[in-house]
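# Remarks on the overall topology
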Protein chains: 2
Amino acid sequence: MPYNAAFRCFAGCPGRYPLTQPLYRCPTCNGLLDVVHDLDALRTRSADTWKRLFEERFRRGPWPLGSGVWGKREWVAPGLPDDAIVSTDEGGTSLLRADRHGRALGLDELWIKQCGTSHTGSFKDLGMTVLVSVVNQAIRQGLRVRAVACASTGDTSAALAAYGAAAGLPVAVLLPRGKVSTAQLVQPIAAGALVLALDTDFDGCMTIVQRLAEDGVVYLANSMNPLRIEGQKTVAIEIAQQLGWSVPDWVVLPSGNLGNAYALYAGFRMLKDLGLTARMPRLAVAQAERADPLYRAWTAGQRDVAPVVAGETVATAIRIGNPVSAPRAIKALDEMDGVVEAATEAEICDAAARADRTGLYTCPHTAVALAALEKLERRGIVRRGDRVVVVSTASALKFTEFKVKYHERALPDVESTWANPPVHVAPDYHRVLDTLERHAAAMT
Amino acid sequence: MPYNAAFRCFAGCPGRYPLTQPLYRCPTCNGLLDVVHDLDALRTRSADTWKRLFEERFRRGPWPLGSGVWGKREWVAPGLPDDAIVSTDEGGTSLLRADRHGRALGLDELWIKQCGTSHTGSFKDLGMTVLVSVVNQAIRQGLRVRAVACASTGDTSAALAAYGAAAGLPVAVLLPRGKVSTAQLVQPIAAGALVLALDTDFDGCMTIVQRLAEDGVVYLANSMNPLRIEGQKTVAIEIAQQLGWSVPDWVVLPSGNLGNAYALYAGFRMLKDLGLTARMPRLAVAQAERADPLYRAWTAGQRDVAPVVAGETVATAIRIGNPVSAPRAIKALDEMDGVVEAATEAEICDAAARADRTGLYTCPHTAVALAALEKLERRGIVRRGDRVVVVSTASALKFTEFKVKYHERALPDVESTWANPPVHVAPDYHRVLDTLERHAAAMT
């Protein structure tokens, strides 16, 4: 295959490194890494040829090329042999037309990219299939590690454990003992990962896992790893593809560690550079007000994102005070004429509940994006006629407790305006009939 | 459009009725209804033309024809106008190649049809989009009902509420008060359904909702309704499509009320009748041993399925002692050279756990099918070289408690052979290293 990609320093230090090298930071400056593709090689195929190829494979195959990620393999991890690929048929998620919710927000055209309707229930599958496949190949080429490891309590460990299990690779998840319930960990536990509960705090776990990675004992699957961004950028490619190879006016995205914001940029950038689309959409990054370092920096005109102490938020997966990918996100915002918006707990919870009333079933993070969108629309930044895509990052089936508490009015600092508790009725035909009639009348 | 379909008595009474008529039983014999299509009209297009049309639309559109159900609209509910369709982009789910689990079972080719990776997290979306769309059209044509209603506590109410909300139609769910937790009901609650908690038992709820339906107050979305089968039969069409318009040797399906068994038959039958495929696959219906009326009847050579008292099972959605669609399932088994297998609680739980260890994350019902498959393979009925598709009916994200209890060894009558509890380790580099090395050694 004539295509190739390599690690390169995000800040521009010289040097290129193969993707199969276990490398997490620039060896020169210790900063972030990027994956760069040989665009000249990719340009030997025309934009129309790429579109046709991607269309032919999309959701169809042959296995594993029906995957939304591996159907774009030349743009993601070129040169990876077929039999190294570890896939759960990720990607290819719905771009759902949210007519009723769009109208409620005063928008003509609102779409939800349902990244959470996936194998492990979050967009993390997209990046993890690339990371685990590349590690799989590296191991075939002689890399020796005891496990692929991370120190996550959430979607990352779920995705890592599932892909590791599919590949037959050992996976280890490190956590502070007593801080995380079995329910939160049940996906990696079920997938047979070695779940290590340590008598220390989260930073203590990170310190150990990073040292294990430095010593080559484990391969580190953390969010700093640019291989994950290569998979996640296919979200942008799919959005364009599903809109008939055009880009929306806005993409609204909830973000904590900010890697996904850069991934969207990377995808849209590649589409434009290779001539498949003519322009970039605008980017709106949405944060919870209680964990909003990017919002604070961007609205103050600062290029450096100062860490904050993240507070309790229902949007647990984006409760991050010191985002690893902040410099990446700043670049994405620069290049996509971006904005950053933040939402309070009450705004997040009510946004979820309103959206659910139109048949969506939104995780708290997606609700952060919907709440931010509402505010941007009110401020005239997003306009009625704009075509808007909201990226939904996880399945709300992972957030039953959040939904229950909202509807039982048990969330602190939240009024639960849209709570819809069960109605007790006597087991009598006419009483039930009366209740039905009042409900139907209220809906019209 | 020249295509048309109508309700007809399943047992053969004369008379045809429009799909938009609120009809749940044959007006003559009070038995089950079927949907019949005008196959001669459908034959005016060749098999290759149908394949091409279905391929063009699949996951692509234009909206809502990217849906796995509505991409086959002529075979499902012909004549339904575009703007009556209520879709969440259902269907088009992954046909996942389960290599590691297949090898563990001694099978060369095992595929999992992931129907639970869908908008509301179960295969019920497929039938509900058809039912709600047809009701939506009936209402436009003058039907007056106070709500679309059901008396379900599980996936049916979740799907009905979501589609009702997407359409802006009132939905009512009737339940016995105090028997069902908010968590079990949170999907319909979030979707704004009127959830009526009645001081009676489940039968009391059914009696009231059926009387409301007879009186025309509500439209009944129960599993007797053949419109749901029309949507569910697209699972068969998709399986064939995803296998390159060929059929597998076996389809293994967990079933309680048995409508889904008939739906698979209806889909494969239509493919064969219209020349898209050459033969029928064999059908294996899997039941939990504690709710196995079909298993008992079929293995005893009986054509009538006698009700049983269903016991407690982890496979809650198929805990049904008196299946509504039993006559339909007998026909499916007859025509598909079918078998029925049953699995104990321990077999179900261990089958789930073993599959999860290979990166699947299986709901208890899918585990019933996997356990049955294992038994059929051991008995030589399913053979190594057979191409096998297991239908996964729901997302395991709905069954966190089941997974937690298994891995905490807290399920009654189950040994949890594959439990994988967290390992407590001192927060020390060398202790962690030792544990990793032992784990890696155990995997090889």
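Computed from a predicted structure; not experimentally measured. (Residues numbered from 1 in each chain as written. Chains lettered and ligands numbered in written order. Predicted model: local features only at pLDDT ≥ 70, side-chain atom pairs only at ≥ 80, totals over all residues. Heavy atoms only, no water.)

### Observations regarding the state of the cysteines
Residues and elements named next belong to chain A. Quick reminder of the rule: Criterion for a disulfide: a pair of cysteine sulfur atoms at a distance within 2.5 Å. Classification of residues uses two cut-offs on accessible area relative to the type maximum, computed with a 1.4 Å probe and protein chains only: under 20% is buried, over 50% is exposed, and between them is partly exposed.
Counted according to the given criterion, the structure contains 0 disulfides over all chains. Distance from the sulfur of Cys-9, which forms no disulfide, to the nearest cysteine sulfur (Cys-13) is 3.6 Å. Given the relative accessible area of 3%, Cys-9 is considered buried. You can see Cys-205 has no disulfide; the closest cysteine sulfur is in Cys-150, sitting 11 Å from it.

### Thoughts on the confidence of the model for chain A
Quick reminder of the rule: The quantity called pLDDT is the predictor's confidence in a given residue, expressed from 0 to 100.
Chain-level pLDDT for chain A is 95 on average; 100% of the residues reach the 70-or-more range. In the model output, the complex is listed with pTM 0.96 alongside ipTM 0.95.

### Re the relation of the copies chain A and chain B
Let me state the cut-off plainly: For the least-squares superposition of copies, only C-alpha atoms count, and only for residues with pLDDT at least 70 in both. Residues are treated as being in contact if the distance between any of their heavy atoms lies within 4.5 Å.
Rotating chain A by 180° and translating it 0.0 Å along the rotation axis places it on chain B, where the RMSD comes to 0.0 Å. On this basis, the relationship between the two copies can be described by a two-fold rotation axis. In this assembly the copies share their binding face: 99% of the residues contributing to the interface of chain A also contribute to that of chain B.

### Describing the pairing of strand 13 (residues 387-392) of chain A
Residues in a regular strand project their side chains so that they alternate between the two faces of the sheet. Residue and element names in this part refer to chain A. The cut-off we apply is this: Under the DSSP-based scheme used, a helix requires at least four consecutive residues in state H or I and a strand at least two consecutive residues in state E, with every element numbered from the N terminus. For two strands to pair, DSSP has to find at least two bridges joining them.
Of all 6 residues making up strand 13, 5 are buried, and the element is well covered by its neighbours. One ladder, built from 6 bridges, connects strand 5 (residues 109-114) with strand 13; its direction is parallel. Within strand 13, the position partnered with Lys-113 by the bridge is Val-391. As judged from the 3 bridges shared by strand 10 (residues 250-254) and strand 13, these two strands associate in the parallel manner. Following the sheet pairing, Val-252 is matched in strand 13 by Val-390.

### A word on unusual backbone geometry
At the junction of A:Gly61 and A:Pro62, the peptide bond is cis and its omega measures out at 5° in the coordinates. Relative to the helices and strands, A:Pro62 is located in the loop between helix 2 (47-57) and helix 3 (73-76). Across the junction of B:Trp63 and B:Pro64, the peptide omega takes the value 0°, indicating a cis bond. Looking at the secondary structure, you find B:Pro64 in the loop between helix 2 (47-57) and helix 3 (73-76). Despite not being glycine, B:Asp413 has its phi angle at roughly 65°, a positive value. Within the secondary structure, B:Asp413 is located in the loop between helix 16 (400-407) and strand 14 (423-425). The exposure class of B:Asp413 is exposed, given its relative accessible area of 59%.

### Digging into the packing of aromatic side chains
What counts, and what does not: Stacked, edge-to-face and tilted labels apply to pairs of Phe, Tyr and Trp rings (six-membered ring for Trp) whose centres lie within 6.5 Å, assigned for plane angles under 30 degrees, over 60, and everything in between, in that order. By definition, being over a ring means that NZ of Lys or CZ of Arg is both within 6 Å of the ring centre and within 35 degrees of the ring normal.
Counting across every chain of the model gives 18 aromatic pairs over all chains. Between A:Tyr262 and A:Tyr265, the aromatic rings sit 5.7 Å apart at their centres with planes inclined by 40°, giving tilted as the arrangement. Taken together, the residues A:Tyr262 and A:Tyr265, both in helix 11 (residues 259-273) and 3 residues apart, mark about one turn of the helix. Given the relative accessible area of 5%, A:Tyr262 is considered buried. Counting every residue linked through ring pairs, the aromatic cluster contains A:Tyr3, A:Trp50, A:Phe54, A:Trp75 and A:Trp245. One Lys or Arg, A:Arg45, reaches over the ring of A:Trp50 and ends 4.8 Å from the middle of that ring. Here the guanidinium or amino end of A:Arg211 rests over the ring plane of B:Tyr429, the centre of that ring lying 3.6 Å away.

### So, the interface of chain A and chain B
Let me state the cut-off plainly: What counts as buried area is the accessible surface, traced by a 1.4 Å probe, that two parts surrender upon association, with contributions from both included. We define a polar contact as two N or O atoms separated by no more than 3.5 Å, with the added condition that, inside protein, one atom must be a possible hydrogen donor and the other a possible acceptor, whereas residues neighbouring each other in sequence contribute only through side-chain atom pairs.
With 91 residues of chain A at the interface, the matching set in chain B holds 90 residues. For the pair chain A and chain B, the summed buried area comes to about 7600 Å², and 64% of that belongs to carbon and sulfur atoms. Broken down residue by residue, the surface that chain A buries against chain B is led by A:Leu397, A:Tyr429 and A:Leu436, which jointly contribute 9%. Where chain A touches chain B, the interface holds 28 residue pairs in polar contact (both at pLDDT 80 or more). Summarising the sheet, strand 14 (residues 423-425) of chain A and strand 8 (residues 194-198) of chain B pair through 3 bridges and their orientation is parallel.

### With respect to the pattern of salt bridges
Residues and elements named next belong to chain A. To keep it simple, the criterion reads: Whenever Lys or Arg places a side-chain nitrogen within 4 Å of a carboxyl oxygen from Asp or Glu, that contact is recorded as a salt bridge.
One pass over the full model with this rule turns up 56 salt bridges over all chains. Glu-74 serves as the salt-bridge partner of Arg-57, at 2.8 Å between the closest nitrogen and oxygen. Remark: Glu-74 occurs in helix 3 and Arg-57 occurs in helix 2; sequence separation between them is 17 residues. For Asp-413, the salt bridge is made with Arg-290, and the minimal N-O distance between the two is 2.9 Å. With Asp-413 in the loop between helix 16 (400-407) and strand 14 and Arg-290 in the loop between strand 11 (282-288) and helix 12 (293-299), the pair connects residues that are 123 residues apart, well separated along the chain. Judged by its relative accessible area of 32%, Arg-290 falls in the partly exposed class.

### Let's talk about the UniProt feature "domain: Tryptophan synthase beta chain-like PALP" (unreviewed entry) in chain A
Under the convention used in this document: UniProt positions are given in the numbering used here, feature names are shortened, and annotations may be inferred rather than shown by experiment.
Sites flagged by UniProt as "domain: Tryptophan synthase beta chain-like PALP" (unreviewed entry) map to residues 86-393 of chain A. A helix fraction of 44% and a strand fraction of 16% characterise residues 86-393 of chain A, whose end C-alpha atoms lie 21 Å from each other.

### Quick word on the UniProt feature "modified residue: N6-(pyridoxal phosphate)lysine" (unreviewed entry) in chain A
Residue and element names in this part refer to chain A. Per the UniProt record, "modified residue: N6-(pyridoxal phosphate)lysine" (unreviewed entry) is found at Lys-124. Positionally, Lys-124 belongs in helix 5 (residues 124-140). The residues touching Lys-124, leaving out its near neighbours within four places in the chain, are Asp-155, Thr-156, Ala-159 and Arg-228.

### Examining the pairing of strand 3 (residues 33-37) of chain A
Residues and elements named next belong to chain A. Among the 5 residues in strand 3, 5 count as buried, and that is most of the element. Judged by which residues are buried, strand 3 turns out to be covered on both faces: Leu-33, Val-35 and His-37 on one side and Asp-34 and Val-36 on the other are all buried. For strand 1 (residues 5-9) and strand 3, the ladder comprises 5 bridges, and the chain directions are antiparallel. Each bridged residue has a counterpart across the sheet, and for Cys-9 the counterpart in strand 3 is Leu-33.

### Some details on the sheet that holds strand 2 (residues 16-17) of chain A
Each strand in a sheet pairs with another by means of backbone hydrogen bonds, the pair being arranged parallel or else antiparallel. All names here are of chain A. The strand order across the open sheet built from 3 strands is 2-1-3, with neighbouring strands paired in antiparallel fashion. The open sheet has two edge strands, strand 2 and strand 3, and neither has a second partner. Alignment of strand 1 against strand 2, held across 2 bridges, turns out to be antiparallel. Looking across to strand 2, one finds that Phe-7 is bridged to Tyr-17.

### Focus on helix 11 (residues 259-273) of chain B
All names here are of chain B. In plain terms, the rule: Every helix has an expected span of 1.5 Å times one less than the residues it contains.
The end-to-end C-alpha distance of helix 11 is 21 Å, a good match for the 21 Å that 15 residues give at a rise of 1.5 Å each. For helix 11, the tally of buried residues reaches 12 of 15 residues, placing the bulk of the element in the interior. The complete set of buried residues in helix 11 reads Gly-259, Asn-260, Ala-261, Tyr-262, Ala-263, Leu-264, Tyr-265, Ala-266, Gly-267, Phe-268, Met-270 and Leu-271. Just past helix 11, the residue Gly-275 takes up positive phi, approximately 80°.

### Notes on the packing of helix 7 (residues 182-190) of chain A against helix 16 of chain B
Let me state the cut-off plainly: Axis definition: a line fit to C-alpha positions, over the contact stretch in the case of helices; interaxial angles, taken between N-to-C directions, run 0 to 180 degrees. Throughout, the term roughly parallel applies to angles under 35 degrees, roughly antiparallel to angles over 145, roughly perpendicular to angles from 65 to 115, and oblique to all others. Each residue is assigned to one class: nonpolar for Ala, Val, Leu, Ile, Met, Phe, Trp, Tyr, Cys and Pro, charged for Asp, Glu, Lys and Arg, and polar for all the others, Gly among them.
Between helix 7 of chain A and helix 16 of chain B, whose axes approach to 9 Å, the crossing angle comes to 75°. Relative to helix 16 of chain B, the element helix 7 of chain A lies roughly perpendicular. Contact residues: helix 7 of chain A offers A:Thr182, A:Ala183, A:Val186, A:Ile189 and A:Ala190, while helix 16 of chain B offers B:Thr400, B:Lys403, B:Val404 and B:His407. Classifying every residue of the contact of helix 7 of chain A with helix 16 of chain B by side-chain character gives 5 nonpolar, 3 polar and 1 charged.

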